[in-house]
Each structure stands twice: as C-alpha cells, then as structure tokens.
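Each chain is listed here by its residues.
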Amino acid sequence: MKAERIGVDIPVYDLSLIRGLWEGRVKKYKQRQKKEEERISKSALAKVEQQWQYRIACRKLKSAEVTALQCYLERSALSETHLLPNDDKDNDADNKKFIFELNGKKWMKLPEDLQYMTYLKEWHIHGTRIPEIPTYIEAFVDLHVLDVPKNGLTKLPAEIGKLINLRELNVNYNKLLSIPPELGECGNLERLEMTANGKLAELPFELSNLKKLTHLDVAENQFAGIPVCVLRMESLKCLDISNNRLKDLPEDIDRLESLEMLFLHKNNVRYVPMTMTNLIHLKMLVISADELYSIPSQLVDNPNIKLIRLYDNPIHTNNEDMNEMNTDADAQDERDKEFIKTYIETLQDRDTQPSYTTKVSLSCLL
C-alpha cells in the first residue's frame, strides 16, 4: 500500500508589492501632513496670536522703547513675521508690486519703463544724480508716497498738483530754489518734508490749501519768518523751522490751533509773543535762547509743556578755523538734527525736563 502524499498550499507573496503598498500609504500620509501645515501657515489665527503677544509686550515698555523696538524690527528679518503694528498691507508681498525703489549715484535718469507703471503707489528714490522729476508723474494718480531725498533736484514739476491721493512728500537734502504753487492742489497731503534745500526761502500762498497737513519740516533753509501759508494750515501738529534766519514770530501764530510741537532752535528769535499761550495743544517748544529776551511766563510755568531752551554760546574762532568748519557744515547740520531728535525722544518719557541746556565758554585775563 502506497502512502498518499498530503499536499499543503503555501502562499507566496511578491515583496515588491508589499513595499509598494506601504510606500503608497507613507506618501499619502506625508501629503496630508503637508496640506495640514500649509493650512495652518495660511490661517490668520497664528498671525493674530503673534500680534496680540506683541501688543501685550509693548504695554510693558515705555514709548521710546517701543519706538526703538519697531525700528529694530523694521531693520531685521523679524519684520517678515508681520509683527509690526502697521497695517498688514504694508508688509504684504503683493503690495510690494506697487512700490518703486531706486538707490545709488550710478542713476542719472529714471528707467524708461517707469512711465508705464501708473499703478504704483510709492516712489522711493534715494541718493541718485537724477536732476528732476519727470512731467509724466501726473499720470500716477494713485501715488501715496513720493520719497525723493538727496538727489540734487533743482525743481519740482507743476504736474505734481495732479497727485490728488498723495499723502507724503519728502524732498529733503536737494537743491530746490522754489516750490510750485500747484502743490497746494494735493489736498490729501499729510506730511511734507523739505529739509536742507540750501536757498529755499519762500513758500507759495497756495500751500494754505493743505488742510490735512499735520507735519511740516522746513529746517536748514533760508526762511526769515514763518510763511503766511503755514499759518493757514489748520491741522498742523508738528512744525520744524529750525536752523533758518528767524528773528521774530508772528503775532497771529495762535492760528495754528492744533500745533503740538514747535522747533525753533538755531534761529535768532528774540521775542515770543503772548499769543503763543493760546496754543492749548502745545506740548513741546524747542528754542535757542542766546538772543531771547522775552518769553511768556505761562509757557515757562506750564507743566504740560516741555520747554527746551538751548544756549550755544560758541567760542570765537579765526578765519582759517571757520573755513575748515564750513567744509563740513552740511554733515554737521545733519548730525545736529539727529541729535536733537534723539534728545527729545528721551525727554518724552520723563516727568520733568531741564529748563535749559548750555555750553559755556570762559576766558580769563590775568
């Protein structure tokens, strides 16, 4: 009798199929994980959380510290986290398409294609050798910021009056001899800076139409008095007319009802009119006191006004020394301006302020 063989079925699997199955599952899991990470990164909850944490931290700081922190963030990679208190649109990558920037002495004229980019909202042109702004700027009706310092500009085109949406204009450290009256048609202008234009001594009366202007800087020019148009700027809060040729202030300076800060240092002002006491919103007054002989006691005694009287009292120098000093006059003026701004920022967090700052020179004859 022959023994029958018992058959056993042994399943045989292809290992490559099993590996393919698991690799497929791993791939799907990674895809789901990636989608979830993208969803979280696009979610507004994380940004809201960061912004609230930033604001909570700022409440524990002084105003000067907050300002320093903001400046640091603006100069660092942290600004990409959108933690700044400014609107998110300022940091949005999409809005960068509406900003034109140009820097460097190598530029002597604007790119030709610029005239077709009428959708731009901001121009930032610094330190070039471009002598003038082209007339086709009138087509940029959506322009909000025109920032063109240190370019050697000799004039502004009359077409600038067509920029009805312009908010900020910076023409500091150029060579402007005059300002076109058409600028007064920019009714939405809020900030106007014209520091250190050398021979600029007048402003057209048409600028009195700038009813929304809150900040005006005409320091380091040749103004012999506060222009009449400035006294008609009813919303003006900050006026810097330091380092000019002022000797007296107008009696109707109280027209500037909204004025909060007035910088008059490096002038030869001798008399502060009594009408200055009518400026109920005034918080800070900086004035050179070398030739000042009359100032209302209400301004001196008012605890709500930080009055800073500067005494320069320079030592007399010979002609050779004066010639050497004149060569660096522009650089020194800029450093002085930065110094006084930094000094004032430190005072804003103090409960009291010094009544004067003085540099004394003494000589003795034996």
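Residues numbered from 1 in each chain as written. Predicted model: local features only at pLDDT ≥ 70, side-chain atom pairs only at ≥ 80, totals over all residues. Heavy atoms only, no water.

## Considering the pattern of salt bridges
In this structure the tally under the stated criterion is three salt bridges. Between E193 and R191 there is a salt bridge, and its shortest N-O distance comes to 2.5 Å. You can call R191 partly exposed: its relative accessible area is 32%. The salt bridge partner of R270 is D248, with a shortest N-O separation of 3.1 Å. (Salt bridge = Lys/Arg side-chain N within 4 Å of Asp/Glu carboxyl O. Buried < 20%, exposed > 50% of the residue type's maximum accessible area, 1.4 Å probe, protein only.)

## Examining the side chain of N197
You can see N197 is positioned in the loop between β5 (191-193) and β6 (215-217). Assessed through its relative accessible area of 2%, N197 is described here as buried. Of the polar contacts made by the side chain of N197, one reaches the backbone nitrogen of L176; its length is 3.2 Å. There is a polar contact of 3.1 Å between the side chain of N197 and the backbone oxygen of M194. When neighbours within four sequence positions are excluded, N197 is seen to be in contact with V171, N172, Y173, N174, K175, L176, E220 and N221. (Helix = DSSP H or I, 4+ residues; strand = E, 2+ residues; numbered from the N terminus. Polar contact = N/O pair within 3.5 Å; in protein donor to acceptor, adjacent residues only side chain to side chain. Contact = heavy atoms within 4.5 Å.)

## Describing the pairing of strand β2 (residues 122-126)
The side chains of a regular strand alternate, residue by residue, between the two faces of the sheet. Inspection of the sheet shows strand β1 (residues 99-103) paired to β2 by five bridges, in the parallel sense. Bridged to F100 within β2 is W123. Relative to strand β3 (residues 145-147), β2 runs parallel, the two being bridged by three bridges. Residue pairing in the sheet places E122 in a bridge with V145 of β3. (Pairing = 2+ DSSP bridges.)

## Focus on empty space enclosed by the protein
This structure, assessed with the given rule, holds one cavity of 30 Å³ or more. Quantified by volume, the largest cavity comes out at close to 50 Å³. Each residue belonging to the lining of the largest cavity can be placed in one class, and the counts come to eight nonpolar, two polar and one charged. (1 Å grid on protein atoms, 1.4 Å probe; cavity = no way out; pocket = protein on both sides within 12 Å on 5 of 7 lines; lining within 4 Å. Points joined across faces, edges and corners; volume = space filled by probe spheres on them. Nonpolar A, V, L, I, M, F, W, Y, C, P; charged D, E, K, R; others polar.)

## Remarks on the environment of T195
Of note, T195 is situated in the loop between β5 and β6. Separated by 23 residues in the primary sequence, T195 and V218 place their C-alpha atoms 4.9 Å from one another. At a separation of 2.9 Å, a polar atom in the side chain of T195 contacts the side chain of D217.

## Comments concerning the packing of aromatic side chains
All chains considered together, the criterion is met by four aromatic pairs. Aromatic side chains F98 and Y119 sit 6.1 Å apart centroid to centroid with 85° between the ring planes, which places their arrangement in the edge-to-face category. On the criterion of sequence distance, the pair formed by F98 in the loop between α3 (63-74) and β1 and Y119 in the loop between β1 and β2 is long-range, its members being 21 residues apart. The exposure class assigned to F98 is partly exposed, which follows from its relative accessible area of 27%. Accessibility expressed as a relative area gives 42% for Y119, which makes it partly exposed. (Phe/Tyr/Trp six-rings, centres within 6.5 Å; stacked < 30°, edge-to-face > 60°.)

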